[in-house]
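In case you want the letters, here they are:
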Amino acid sequence: STQIRLTGPFNQYGLLAAYLIAILPVLLSSLFLAAKNLSRLKRIGLFLLTLFGFYLLYRTQSRGAWIACFTSITVFSLLLRNKWFFLFLLAVVVVAPFLLPRNTIIHLNGEGKEQSIIERFYLWQRATDVIKAKPLFGCVLKTNTRTIRRFTRQKSCPWEANIPNMAIFK
């Protein structure tokens, strides 16, 4: 029931989103600051390219990337000291939850429950336990498969059953 997440040439939706987060403020600054010196056709092209970039970011289905992009654009609007652009961003935040499809905002699992927030709760809980156990140096990179079992507070997380590779942690 979910849409396909775009990955582009990066083979991972998060990397495409990170690339777009870096590019979109540049496109916006070109659109707002350099557009006065461009011809009408180039301004229209730049505007369409910026819209296409936002569409691609939307299709990555990464809520974290959306928040990061919105934050960077908000900082951009504050740096420009453009109150109308800032008010437009505020309006987008108010209107977006009503316009976006529900499965875009809430990622449901097979039981129809929000899965992403629950998963993150368990992941952050484990990360906090690792930091408490080894506050100075933590764990060595890529040793998560060896240490995850040690820092699991309960026998099984509800989302582990849906991940095929989780059997190696038990």
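Small disclaimer: the values here were computed from a predicted structure and weren't measured.

The rules we used
Residues numbered from 1 in each chain as written. Predicted model: local features only at pLDDT ≥ 70, side-chain atom pairs only at ≥ 80, totals over all residues. Heavy atoms only, no water. Phe/Tyr/Trp six-rings, centres within 6.5 Å; stacked < 30°, edge-to-face > 60°. Buried < 20%, exposed > 50% of the residue type's maximum accessible area, 1.4 Å probe, protein only. pLDDT = per-residue confidence, 0-100. Helix = DSSP H or I, 4+ residues; strand = E, 2+ residues; numbered from the N terminus. Contact = heavy atoms within 4.5 Å.

*Asks:* Describe the packing of aromatic side chains, naming the residues involved and giving the relevant values.
*Replies:* Taken as a whole and assessed by the stated rule, the structure comprises 3 aromatic pairs. Plain terms: the ring middles of F10 and Y19 are 5.6 Å apart, the flat faces sit at 40° to each other, and that makes the pair tilted. When the ring of F76 is compared with that of F85, the centres are 6.3 Å apart and the planes differ by 85°; the resulting orientation is edge-to-face. Relative accessible area serves as the criterion here: at 13%, F76 is assigned to the buried category.

*Asks:* Quick rundown of the confidence of the model for the chain? Include the residues and the values.
*Replies:* Note that predicted coordinates carrying low pLDDT should not be read in detail. Overall, the predicted model of the chain reaches an average pLDDT of 75, with 68% of residues at or above 70. Of all helices and strands in the chain, the one with the weakest mean pLDDT is helix 5 (residues 102-105) (62), whereas helix 2 (residues 40-59) scores best (90). A low-confidence stretch, residues 159-170 (pLDDT under 50), is modelled with 15 contacts involving residues beyond four sequence positions or located in other chains.

*Asks:* Before we move on, can you summarise the environment of S72 with the specific residues and values?
*Replies:* Inspection of the secondary structure puts S72 in helix 3 (residues 63-80). The exposure class assigned to S72 is partly exposed, which follows from its relative accessible area of 26%. With 48 residues separating them along the chain, S72 and L24 place their C-alpha atoms 9.3 Å apart.

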